[in-house]
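# Structural features, examined
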Amino acid sequence: MRVKVSRKAHFNAAHRLYRPDWSFEKNEEVFGLCNNPNFHGHNYELIVSVTGKIDPETGFVIDMKVLKDLIKTEIEDSLDHKNLNIEIEEFKTVNPTAENIAVFIWNKLRPFIAASNDLEVVLYETPRNFVTYTGPEA
């Protein structure tokens with residue numbers, strides 16, 4: 001029996017979607033308002049889920065306090081109130097789209113989750129726009 005447990009979190013961050021190798025006009029055409037040279041912000045909502053077998057000794061798939069603390073130290077503390085393009089090394093060369101941020105979060109958390117468990121990251125950029133990442137294809 002495999003069970004999925006989830007923890008919600010949030011962080012606020014600014015970013016700009018653009019490609020430095022494109023003209024301003026091309027960036028404007030593709031990224032629209034998200035190409036604002038002065039950046040713009042989002043109140044990101046994050047759901048991290050771990051799926052695995054219930055430990056017969058504890059009754060947990062993962063201790064939710066451990067998951068809470070992991071999300072706080074690895075994600076919230078590093079991304080909250082940051083300009084992603086400027087302050088996060090990975091996004092100096094990778095466009096900080098919701099898709100790329102979700103992959104970044106998954107990669108930060110995966111080393112801390114038991115290999116026998118699945119990890120899923122759902123990132124809401126707005127209440128209506130969200131992405132889900134479950135890891136690279138096998």
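For the structure, see preceding data.
Below, the structure is looked at part by part. (Residues numbered from 1 in each chain as written. Predicted model: local features only at pLDDT ≥ 70, side-chain atom pairs only at ≥ 80, totals over all residues. Heavy atoms only, no water.)

### Comments concerning the side chain of Glu-125
We apply this condition: Per the convention used, a helix needs a DSSP run of H or I reaching at least four residues, while a strand needs a run of E reaching at least two, with both numbered from the N terminus. Any residue under 20% of the maximum accessible area for its type is buried, any over 50% is exposed, and the rest in between are partly exposed; the area is computed with a 1.4 Å probe on protein chains only. Charged residues are defined narrowly, with Lys and Arg counted positive, Asp and Glu counted negative, and His plus the chain ends left uncounted. Within this document, salt bridges are pairs made up of a side-chain nitrogen of Lys or Arg and a carboxyl oxygen of Asp or Glu, the two lying within 4 Å of each other. Contacts are assigned to residue pairs that have any heavy atoms within 4.5 Å of one another.
Residue placement: Glu-125 occurs in the loop between strand S4 (118–124) and strand S5 (130–133). For the buried residue Glu-125, which engages in no salt bridge, the nearest side chain bearing the opposite charge is Arg-128, 12 Å off. Once you skip the residues sitting within four places of it in the chain, Glu-125 turns out to touch His-15, His-42, Asn-43, Tyr-44 and Ala-98.

### Remarks on unusual backbone geometry
The phi torsion at Phe-39 lies on the positive side, around 75°, for a residue other than glycine. Notably, His-81 is not glycine yet its phi reads approximately 60°, a positive angle. Looking at the secondary structure, you find His-81 in the loop between helix H2 (64–79) and strand S3 (82–83).

### Thoughts on the packing of aromatic side chains
So the rule is basically this: Each aromatic pair joins two rings of Phe, Tyr and Trp (for Trp, the six-membered one) with centres within 6.5 Å, and gets the label stacked for planes under 30 degrees apart, edge-to-face for over 60, and tilted for any other angle. Whether a charge sits over a ring depends on NZ of Lys or CZ of Arg being within 6 Å of the ring centre and within 35 degrees of the ring normal.
Under the criterion given, the structure shown has 5 aromatic pairs. Seen in terms of ring centroids, Phe-91 and Phe-104 are 5.2 Å apart; in terms of plane orientation they differ by 50°. Their pairing is tilted. With Phe-91 in the loop between helix H3 (84–87) and helix H4 (98–109) and Phe-104 in helix H4, the pair connects residues that are 13 residues apart, well separated along the chain. Here the two residues Phe-91 and Phe-104 agree in accessibility, since each one is buried. Positioned above the aromatic ring of Tyr-18, the side-chain terminus of Arg-16 is 4.1 Å from the ring centre. One cation-aromatic arrangement involves Lys-26 over Trp-22; the distance from NZ or CZ to the ring centre is 4.7 Å.

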